Amino acid sequence: MKEQLEEIRRRAMAELSDDAGEAQIDAVRVRVLGRSGELTEIMRGMREVPNAERPAIGQLINQIKREVEARIEALSEKLKAASLTKSLNEKRLDVTLPGMRVARGHIHPITDILEQMLAIFESMGFEVAMTQDIEDDFHNFAALNFRPHHPARDMQDTFYVDGGMLLRTHTSNGQIRVMEKRRPPLAVVCPGRCYRRDDLSVRASPMFTQIEGFMVDKRGRITMAHLKGVLTEFVRAFFGSTAVRFRSSYFPFTEPSAELDMHCLLCDGAGCPVCKHSGWTEVLGCGMIHPNVMRAVEYNPDEFQGFAFGMGVERTGLLKLGVDDMRLFFENDLRFLDQFPALSGGVR
Amino acid sequence: MKLPLSWMRDFVSVDAPVEEISRRLSYGGLVVEHIEKLTPGFAGVFAARVTNVEKHPNADRLNLVEVDAGTKGQFKVVCGAPNVKAGMLAPLALVGAQLGKEPALEAAVIRGVQSEGMLCSERELGLSEDHAGILALGADALLGGDVAAYLHLDDTVLDVEITPNRGDCLSILGLAREVAALFSGRLRAPRLRAAHSAASPDSAQFSIAVSIDAPDLCPRYAALAMTGIKIGPSPAWLRRRLELCGMRALNNVVDATNYVMLELGQPLHAFDYGKIAGGKIIVRRAGETREFVTLDNITRTLDPNDLLIADSDKPLAIAGVMGGLNSEVSDSTTTILLESAYFEPMTVARTARRLGLRSEASYRFERGIDRAGQVGALIRAAELIRKIARGREASPIADFEPRKSEPREIALDLGAMESLLGASIPPGVARSRLKSLGAQVSTRAKGVLAVVPPSFRSDLVEQADLIEEVARLGGLEDIPALLPPRVSALAPLNREREFIKGTREVMLGCGLTEAATLAFIAPADNARFSGIQIAARPVKVTNPLSAELSELRVSLMPGLVTSLRFNLNREARSFHAFEMGKVFRMNGDIATEHSHLAAVSYGPYALSAVGEQSVDAGFYSLKGILESYFDATGVSPRIAFKAIEPADAPFLHPGRSAIVSLDDVPIGLIGELHPAEAMRLDLSEACALCELDLSNLIAYGFSPRKTFQPPPKFPAIRRDLALVLDRNFPADMVVKTIREGGASLLESVEVFDVYEGTAVAAGKKSVALACRYRAEDRTLTDEEVNRIHAVLVEQARMRLGAELRQ
């Protein structure tokens, strides 16, 4: 019986060679360990074994059983590993192929620029107010100290529409609309579309975007020095560090009035054709709110004062993005729009 | 305004280089747009007097001329000009002179006679094409002096942009005053004194009467008659100055009036005295006078309120705008009437604008001329006309001022100035800056100045104006840059802006690119794309740029469709874009504006990996975007899509379009473009469009977070059913009906498939639905769910009249 067992062991181990396949391993398992396998058969024949030998034979059977099981286990593990390796190889991807894209649109550059500007002013404590495009003469002109027939009205060629209204020529109407409703202290920016009678061309558009901003408080609290400070800070935040200068100018609704220039971004002040060799580019107009504007909104000009400014978003965008043709903003050519980020606004 | 520096130097001496003058003017509020440095086309040409003229011994047409060139010496030259005569002053080019691009002038022997130089015509000096004779210089030319300098050929001209408030700077004197103030220089204003004495023999013959019937429009009118005039060309130096300032020379009288206008800023007009009936000027409104022929020979239609200069018979000029053909100075004029008046800016502006007539004169009147400068300008003009047109004053200056101007005194509180500017400017500095502008300054009280602005600064009205002057003359450099104290309370969030920003984020995230289109549109496009409001009346632009841009858009769709076409014409395969902007329509008589969102989707939509199928845009892909958007705003449960009546959107596919409503109020449209419209636009694929009026959504906002609900603790059990219904029965009605059945423990009902085909009858469809059941407190058993579901199925079948599909 012992010889018989040794023979089972020898044969099983020989068949469970290192290169045994799955089928062969299975065959050995069934033949040796199966329900009616060789070892089971011998167990059944234990009755015929003398009592004295039984423990030894039993031990041997168990030993062979464990050995064969262990060997099968080891071989199966090996086979599994090999098959995994094979399958990993088969499922290999070309990682350089394009990914599956989730569509994401592109923000319009005017919005992008506008949101960047608003983010700067909001972080300086300004709130945002939206006001109307269709406006009356009072809010677009008269309250802003444009007298009837005054030559200053020629500076802005106005569109008139049915119903005796006009399309606002600037966002300065926002100043009037907000101040009429509220009392100082106020720090507000009013973005929006404006309209002037210019043909769409490289330099101009009949519709464009502006931001009007103003700050009003009790006399002495908001001064022209603050106007300079806020706008210098804005230019620094928006364009990066660059030289700025304030020049006297004229707007009917501010007194004193000024224009803010910065070093030309192309030549950094050295002078080039773009800045007409002056080294400077105009950024915005500003000034201390005219007493007549205060009166128009029933603020006492002896009690309140403040500053206001206005700038063109497309113009500033042209400067920052280096766009050289105004028409690009309104054609919606994807080859242009796709160059802009898919994230909106904010200071970057 | 063109500013030749040589002319400016008649009134102020400034050593600074031109770049510095230009810089300070610009900082002070008068932008120098251009600096033009002129160089004469010649050198080595001097003023000389002809002392003797003799015939050339060997040539009939030539003369031997002796000239005296002062410090340069005496010379003999050969000259062929017919106008050469003893006593005249002429330009003499000496040996070595450079004339244009010719080689330097050499001594020459002409027909056997040595010529030591050449007397020059205008053409030889490159001044004009005139070669009829030598150029006659004025008697004021210095013998031996450089002709280029005398003619102001060696000059620099600044082109200065004058802001509308600075009418006083529309003159050489005004700009010289500004330069003097900016450089603390001294202004040499011209001294003007009348030359006429009342005892003149002409006085009786050339009387002037003036009647001002409209003193509200013309507070002052001064006039002067001059006689003995010989009309002819002006001297070269004067013509040159006019030309440097961009004006054309006409004849000596007109040139003299223009010269004075440029120099002093007072527009003048010269009438032919002989054409004025009775020598009487009447300043009146046009009234019944309907038409008038201006000197450009155009018949102008008048408004009763236009201000006219007339005599007792007829109008002579439109005041401040243009003179008339009937009283124009002509070559035969010998006596003139010079007008120097102050017309109110508003009346000139209104008339000039209405007639579309902008002249140098009207431009100045509109901006306000010196209220007190009328008589001085007449004196200056008379002086010139005496010199260049041989005229003599034939009357005293008639000066009528029915409405006197009172000098205004403005208090300047230095403390208020400091608190406006945020900078302290020493009182002495403020005082001297104001004085340099011509203001009278005295002390009213401690820290308060009393300032009387000069008569030519009508723009200085109140304290703020004076503060600006003080700040401006310092180039704003006295003022530091400081940050204001931060606003302490948080600014209120702008709901509309936050909503627009959120909407943009969703649209970008859904793969739509943001577009911007013009608000101006062709009436045909408004008619074709009515947008949400089918009966919307468009807002017409009263003064459009063109017929194609003569209305404001009632919908954002046409702009997006145009952009789609634009891109397809440029090799694009697809176009997925949205725009947020204003649309406009008439509400009764009132033009109103509305914030809309619109989107267009065309071509392959979802970008996919290599080799995978992409989805083409269509009704459902765009509807999906809108649904994602409504989910994001939290408004989805209140939104419904309903099939559209074709008449409500004729530009959309009648079977593939829907009205979007919020709480049963229509807020938008979605659909595919009508095939006829697509064909017109040459679109080969489906073009999906939608538009929403954002106002109701803005009012609702992005919904605030609801109270927390714990995730369910027990699993849901799903049971499906399929109902066979009429093909046109809307799926959302099925869901709604089942939900209304009120089956207990039913958590959700969703359509997961729709089938049409051979397995169902023609005209029918099978709608497959997934119902989920869940209890809050236990795991449901199959038996329990089967029981509830069976009831639900039976109810659905009955209520919908549907067959069950097995």
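Every residue gets a number counted from 1 within its own chain, in the order that chain's sequence is written. For this description, chains carry letters from A and ligands carry numbers from 1, given in the order in which they are written. Given that the model is predicted, a residue must reach a pLDDT of at least 70 before its local features are reported, and side-chain atom pairs must reach 80 or more before they are shown or counted; all residues, however, enter totals for whole chains, interfaces and linings.

Chemist: Provide a residue-level description of the overall build of chain B, including the pertinent values.
Modeler: Under the DSSP-based scheme used, a helix requires at least four consecutive residues in state H or I and a strand at least two consecutive residues in state E, with every element numbered from the N terminus. For chain B, the helix and strand inventory stands at 20 helices and 38 strands. In terms of principal-axis extent, the alpha carbons of chain B reach across some 140 × 75 × 60 Å. Backbone-placed C-beta atoms define the burial measure: a residue is buried with 20 or more other C-beta atoms within 10 Å of its own, exposed with 12 or fewer, and partly exposed in between. Within chain B, buried positions represent 42% of all 806 residues. We call two residues in contact when the distance between their C-beta atoms, placed using the backbone, is within 7 Å. Pairs at least 24 apart in sequence give 69% of the contacts found in chain B among residues at least 6 apart.

Chemist: Summarise the overall build of chain A; cite the residues concerned and give the values.
Modeler: Tallying secondary structure elements over chain A gives 12 helices and 10 strands in all. On the principal axes, the C-alpha backbone points of chain A span a range of 130 × 45 × 45 Å. A buried classification covers 43% of the 348 residues belonging to chain A. Sequence-distant contacts in chain A: of pairs separated by 6 or more residues, those separated by 24 or more amount to 68%.

Chemist: Go over the sheet that holds strand S37 (residues 764–773) of chain B with me, naming the residues and quoting the values.
Modeler: Whenever strands of a sheet pair, they do so through backbone hydrogen bonds, lying parallel or antiparallel. Residues and elements named next belong to chain B. Two strands pair under a simple rule: DSSP has to find at least two bridges between them. Read across the sheet, 4 strands follow the order S36-S37-S35-S38 without closing on themselves; strand pairing throughout is antiparallel. The open sheet has two edge strands, strand S36 (746–755) and strand S38 (803–804), and neither has a second partner. One ladder, built from 2 bridges, connects strand S35 (residues 717–726) with S38; its direction is antiparallel. By the bridge assignment for S38, Leu-723 is matched with Leu-804. The strands touched by helix H19 (residues 731–740) are S35, S36 and S37; relative to S36, the strand with the most contacts, the crossing angle is about 150°. The axes are straight lines fitted to the C-alpha atoms, using for helices just the contacting stretch, and the angles between their N-to-C directions are given from 0 to 180°. Relative to the sheet, helix H20 (residues 782–800) contacts S35, S36, S37 and S38, its axis offset from that of S35 by approximately 15°.

Chemist: Explain the pairing of strand S24 (residues 440–445) of chain B to me, using residue names and the numbers behind them.
Modeler: All names here are of chain B. When you tally the buried positions in S24, you get 0 out of 6 residues, a small fraction of the element. Judged from the 5 bridges that link them, S24 and strand S25 (residues 448–452) form a sheet pairing that is antiparallel. Residue pairing across strands places Ala-445 opposite Val-448, the latter belonging to S25. Connecting the antiparallel pair S24 and S25 is a turn made up of 2 residues, with Gly-447 showing a positive phi of about 75°.

Chemist: Before we move on, could you go through the interface of chain A and chain B and cite the residues and values that matter?
Modeler: Often, the extent of an interface is quoted as the loss of accessible area on bringing the components together. Across the boundary between the two partners, chain A contributes 72 residues, which contact 80 residues of chain B. Per-element tally for the side of chain A that touches chain B: the top contributor is helix H8 (residues 224–239) of chain A, with 8 residues.

Chemist: Account for the packing of helix H2 (residues 22–33) of chain A against helix H4 (residues 54–90) of chain A, with residues named and values stated.
Modeler: Residues and elements named next belong to chain A. Between H2 and H4, whose axes approach to 11 Å, the crossing angle comes to 160°. Taken together, the axes of H2 and H4 are roughly antiparallel relative to one another. The chirality of how H2 crosses H4 is left-handed. Contact residues: H2 offers Glu-22, Ile-25, Arg-29, Val-32 and Leu-33, while H4 offers Lys-65, Val-68, Glu-69, Ile-72, Leu-75, Ser-76 and Leu-79. The class makeup of the residues in the contact of H2 with H4 is 7 nonpolar, 1 polar and 4 charged. When describing relative orientation, an angle under 35 degrees is termed roughly parallel and one over 145 degrees roughly antiparallel, while 65 to 115 degrees is termed roughly perpendicular and anything else oblique. If you view the pair so one helix is near and one far, a crossing is left-handed when the near helix is turned anticlockwise from the far one by less than a right angle, and right-handed when it is turned clockwise. Residue type decides the class: Asp, Glu, Lys and Arg count as charged, Ala, Val, Leu, Ile, Met, Phe, Trp, Tyr, Cys and Pro as nonpolar, and the leftover types, Gly among them, as polar.

Chemist: Describe the sheet that holds strand S10 (residues 156–161) of chain B, naming the residues involved and giving the relevant values.
Modeler: Residue and element names in this part refer to chain B. The strand order S1-S10-S2 describes an open sheet built from 3 strands, whose pairing is antiparallel. Looking at which strands have only one partner, the edges of the open sheet turn out to be strand S1 (2–4) and strand S2 (31–37). On average, adjacent strands in this sheet sit at an angle of 25° to one another, irrespective of strand direction. In terms of strand pairing, S2 meets S10 through 6 bridges, oriented antiparallel. Note on S10: the bridge partner recorded for Lys-37 is Thr-156. Strand contacts of helix H2 (residues 18–27): S2 and S10, with the helix running at about 165° to S2, the strand carrying the most contacts.

Chemist: Report on the environment of B:Gly502, specifying residues and quantitative values.
Modeler: Residue and element names in this part refer to chain B. Note that Gly-502 resides in helix H13 (residues 495–509). Given 15 C-beta atoms within a 10 Å radius, Gly-502 is considered partly exposed. With 269 residues separating them along the chain, Gly-502 and Pro-233 place their C-alpha atoms 73 Å apart.

Chemist: Summarise the nonpolar core; cite the residues concerned and give the values.
Modeler: Defined on buried residues, the nonpolar core groups Ala, Val, Leu, Ile, Met, Phe, Trp, Tyr and Cys residues joined through C-beta atoms within 7 Å. Counting 170 residues, the largest nonpolar core has A:Phe307, B:Cys218, B:Ala319, B:Ile336, B:Leu338 and B:Ala381 as the members making the most contacts within it. The element best represented in this core is helix H9 (residues 374–389) of chain B, accounting for 9 residues. Ranked by size, the runner-up nonpolar core spans 71 residues in total, among them B:Met557, B:Leu564, B:Ala577 and B:Leu697.

Chemist: Kindly report on H13(B), identifying the contributing residues and their values.
Modeler: Residue and element names in this part refer to chain B. Here the expected length of a helix is defined as 1.5 Å per residue gap, with one fewer gap than residues. Over its 15 residues, H13 runs 21 Å from end to end, which matches the ideal 21 Å to within 8%, given 1.5 Å per residue. Considered for burial, the residues of H13 that qualify are Thr-503, Arg-504, Val-506, Met-507 and Leu-508. For H13, the elements touching its buried residues are strand S26 (513–514), strand S29 (575–587), strand S30 (590–602) and helix H16 (619–633).

Chemist: Explain the packing of helix H5 (residues 236–244) of chain B against helix H6 (residues 252–264) of chain B to me, and be specific about the residues and the numbers.
Modeler: Residues and elements named next belong to chain B. In the contact formed by H5 and H6, the axes pass within 10 Å of each other and the chain directions differ by 55°. Classified by the angle between their axes, H5 and H6 sit oblique to one another. The crossing of H5 and H6 is left-handed. Contacts from Leu-238, Arg-239, Arg-241 and Leu-242 in H5 reach Asp-255, Asn-258 and Tyr-259 in H6. Of the residues that constitute the contact of H5 with H6, the class distribution is 3 nonpolar, 1 polar and 3 charged.

Chemist: Go over helix H15 (residues 557–568) of chain B, please, and point to the residues and values.
Modeler: Relative to the 16 Å expected for 12 residues at 1.5 Å per residue, H15(B) spans 16 Å between its end C-alpha atoms, a close match to the ideal helical length. Counted residue by residue, H15(B) has 9 buried out of 12 residues, so it is predominantly covered. For H15(B), the elements touching its buried residues are helix H12 (334–337) of chain A together with strand S27 (520–521), helix H14 (523–528), S29, S30 and strand S34 (687–693) of chain B.

Chemist: Before we move on, could you go through unusual backbone geometry and cite the residues and values that matter?
Modeler: Residue and element names in this part refer to chain A. Between Pro-184 and the following residue, Pro-185, the backbone shows a cis peptide bond with an omega angle of 0°. Note that Pro-185 resides in the loop between helix H7 (173–181) and strand S5 (186–195). Looking along the chain, the bond that leaves Glu-255 and enters Pro-256 is cis, with omega of -5°. Relative to the elements of secondary structure, Pro-256 occurs in strand S8 (residues 254–263). Its identity as a non-glycine residue notwithstanding, Asn-145 has a phi of 70°, on the positive side. Inspection of the secondary structure assignment puts Asn-145 in the loop between helix H6 (137–140) and strand S3 (160–161). Residue Asn-145 is classed as buried on the basis of its C-beta count, with 20 C-beta atoms lying within 10 Å.

Chemist: Tell me about the pairing of strand S15 (residues 291–294) of chain B, and name the residues and values.
Modeler: Residues and elements named next belong to chain B. Residues Phe-292 and Thr-294 line the buried face of S15, whereas the alternating positions Glu-291 and Val-293 sit on a face that is not buried. Across 4 bridges, S15 lies against strand S16 (residues 298–301) in antiparallel orientation. From the neighbouring strand, Thr-294 faces S16, where its bridge partner is Ile-298.

Chemist: Summarise the environment of B:Ala643; cite the residues concerned and give the values.
Modeler: Here B:Ala643 shows up in strand S31 (residues 639–643). Since 14 C-beta atoms lie within 10 Å of it, B:Ala643 is described here as partly exposed.

Chemist: Requested: an account of the environment of A:Val102, with residues and values cited.
Modeler: All names here are of chain A. Residue position: Val-102 is located in the loop between H4 and helix H5 (109–123). Under the C-beta neighbour-count criterion, Val-102 is labelled exposed, with 10 such atoms within 10 Å. With 226 residues separating them along the chain, Val-102 and Leu-328 place their C-alpha atoms 27 Å apart.

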